[in-house]
Amino acid sequence: MKKLFVLLAILSPIPAFSMHIMEGFLPAFWSMFWSLVYLPIFILGFRKIKHLLVEKPELKLLLALATAFAFVLSALKLPSVSGSCSHPTGVGLGALLFGPWVMSVIGVLVLLFQVLLLAHGGVTTLGANAFSMAFIGPVFTWLVFSLSNKLGLNKKVAVFLAVFVGNMATYICTSAQLAFAHPDVVNGVTTAFYKFVGIFGLTQIPIAIIEGLLTVVVVNLLSDHVPMRFDFLSQYKKRS
Amino acid sequence: MMSNKTSNLLLISAIILIVVLTLYYYPNAEFAGADGLAEDYITQSQPNYKPWFSNIWEPPSGEIESLLFSLQAAIGTGVVAYVIGYYKGKKKALK
């Protein structure tokens, strides 16, 4: 009996506080699949960053800020209404400032840090996690922000909505990835998808709200203090 | 329209309120990680699935883990503060 408990203690995973797919929890096929899907996205993002820094080297500092912001936010494990914890992604700010492609590289840096030093997420799930957090999230943030601008929404509201939706899109994507890899034995992928949405969903809503609010705070600070002319910020100043 | 400063004050209060209210209304919650719950679900619904790879390195204890987490947050905040301070100073100097 004692042995059994020891065994259980070893086997039972230490609860990790994040929204990423845990190491080893995607079968080899899906692990390869998402890595291959992500590779071109990463390369494109890398070229975009290089291009951006050659064209506008003065943006280097803001890029550092966006990266640092993502690092800080992914370290903020917040309690949520479901009684469990999760953390924001922090990639929304960078997506607003530089567009979604740039974040596809920065998001991977953040994920790698968490994998190698904190045992959150994993090497075998890096492609899948990067796809949801560093690509799908930023793309949705970007789309929602553009759409809100077209609709003439207040800029603060637009930033909030964009980041909120980006965060939620990330977790919905994660749920779908998990559902494809682990379909319900009886009812298949859809049932499993709802299960995973259920697990992450309620937790993620307040966290997405907090990330949205925090991003507005930083954008406000930037728009007050950054003197340089820069598409996103000058637009923000004009219409907030 | 309210200034960015006022709006930031309100926004930060709202964030603190959300966290505090959560802790207040769920005094008995475990606040475990959502991905740990997903893991439980997978191990229960598919007992045959064996994670085929484990983390290369894990922080030896919760303390070390929180050390790394606070380092991550501290360094990040340092950079954010540096950049905003840099621009603030620059703007002042330009005037």
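Because the structure is predicted, anything quoted here is derived from the model rather than measured. (Residues numbered from 1 in each chain as written. Chains lettered and ligands numbered in written order. Predicted model: local features only at pLDDT ≥ 70, side-chain atom pairs only at ≥ 80, totals over all residues. Heavy atoms only, no water.)

(A) Representation of the overall build of chain A within the structure. Each helix and strand in chain A was counted, giving 9 helices and 2 strands. When the elements of chain A are put in sequence order from the N terminus, they spell out α-α-α-β-β-α-α-α-α-α-α. Over its C-alpha trace chain A gives a radius of gyration of 19 Å, about what one expects of a compact globule, namely 18 Å for 240 residues. Taking the principal axes of the C-alpha coordinates as reference, chain A spans close to 70 × 35 × 35 Å. Once local pairs closer than 6 in sequence are excluded, the contacts in chain A between residues at least 24 apart make up 74%. Summed over all atoms, the accessible surface of chain A reaches about 9700 Å², with 74% contributed by carbon and sulfur. Separation of charge centres in chain A, based on 16 positive and 7 negative side chains, amounts to 1 Å. (Helix = DSSP H or I, 4+ residues; strand = E, 2+ residues; numbered from the N terminus. Rg over C-alpha atoms; globule rule 2.2 N^0.38 Å. Contact = heavy atoms within 4.5 Å. Areas by Shrake-Rupley, 256 points an atom, 1.4 Å probe, with all protein chains shown as cover. Lys, Arg positive; Asp, Glu negative; His and termini not counted. Charge placed at Lys NZ, Arg CZ, Asp CG, Glu CD.)

(B) A look at the UniProt feature "transmembrane region" (unreviewed entry) in chain A. All names here are of chain A. Per the UniProt entry, the sites bearing "transmembrane region" (unreviewed entry) are residues 28–47, 59–78, 98–119, 126–145, 157–180 and 192–222 in this numbering. The straight-line gap between the two end C-alpha atoms of residues 28–47 is 29 Å; of that span, 100% is helix and 0% is strand. Between the end C-alpha atoms of residues 98–119 there is a gap of 29 Å, over a span that is 91% helix and 0% strand. (UniProt positions renumbered as here; feature names shortened; annotations may be inferred.)

(C) Structural detail: the nonpolar core. Core analysis: the biggest nonpolar cluster contains 85 residues, and A:F98, A:V159, A:F196 and A:L222 have the highest contact counts within it. Counting residues per element, this core draws most heavily on helix α8 (residues 188–225) of chain A, which supplies 15 residues. Aside from chain neighbours lying at most four places away, what touches A:L222 is A:L62, A:L65, A:L97, A:L233 and B:I84. By size, the runner-up hydrophobic cluster in this structure holds 5 residues, among which are A:A75, B:L68, B:F69 and B:A73. (Core = buried A, V, L, I, M, F, W, Y, C linked by side-chain atoms within 4.5 Å. Buried < 20%, exposed > 50% of the residue type's maximum accessible area, 1.4 Å probe, protein only.)

(D) The interface of chain B and chain A, seen in detail. Listed by partner, the interface residues are 57 residues for chain B and 76 residues for chain A. Of the roughly 5800 Å² buried between chain B and chain A on both sides combined, carbon and sulfur atoms contribute 71%. Applying the counting rule to chain B against chain A returns 0 salt bridges. The interface formed by chain B and chain A contains 17 residue pairs in polar contact (both at pLDDT 80 or more). Only α1 (4–25), β1 (32–33), α2 (34–45) and α3 (62–94) of chain B provide two or more residues apiece to the side of chain B that touches chain A. Among the elements that take part in the side of chain B that touches chain A, α3(B) stands out by supplying 17 residues, more than any other. Counted by class, the side of chain B that touches chain A contains 36 nonpolar, 13 polar and 8 charged residues. (Buried area = accessible area lost by both parts, 1.4 Å probe. Salt bridge = Lys/Arg side-chain N within 4 Å of Asp/Glu carboxyl O. Polar contact = N/O pair within 3.5 Å; in protein donor to acceptor, adjacent residues only side chain to side chain. Nonpolar A, V, L, I, M, F, W, Y, C, P; charged D, E, K, R; others polar.)

(E) Main features of the environment of A:F232. Residue and element names in this part refer to chain A. In this fold, F232 is placed in helix α9 (residues 231–239). Its relative accessible area of 7% is what places F232 among the buried residues. Considering only alpha carbons, one finds F232 and L96, 136 residues apart in sequence, at a separation of 7.4 Å. Non-local contacts of F232, meaning those with residues more than four positions away in its chain, are made with L96, L97, F145, V159 and V219.

(F) Summary view of the packing of helix α5 (residues 100–118) of chain A against α3(B). Interaxial distance between α5(A) and α3(B) falls to 11 Å at its minimum, and their mutual angle equals 155 degrees. As judged from the angle between their axes, α5(A) and α3(B) are roughly antiparallel. Considering how the two elements wind past one another, α5(A) and α3(B) form a crossing that is right-handed. Along its contact with α5(A), which presents A:F113, A:Q114, A:L117 and A:L118, the element α3(B) presents B:E65, B:L68, B:F69 and B:Q72. (Axes fitted to C-alpha atoms, helices over the stretch in contact; angles between N-to-C directions. Parallel < 35°, antiparallel > 145°, perpendicular 65-115°, else oblique. Left-handed = near helix turned anticlockwise from the far one by under 90°.)

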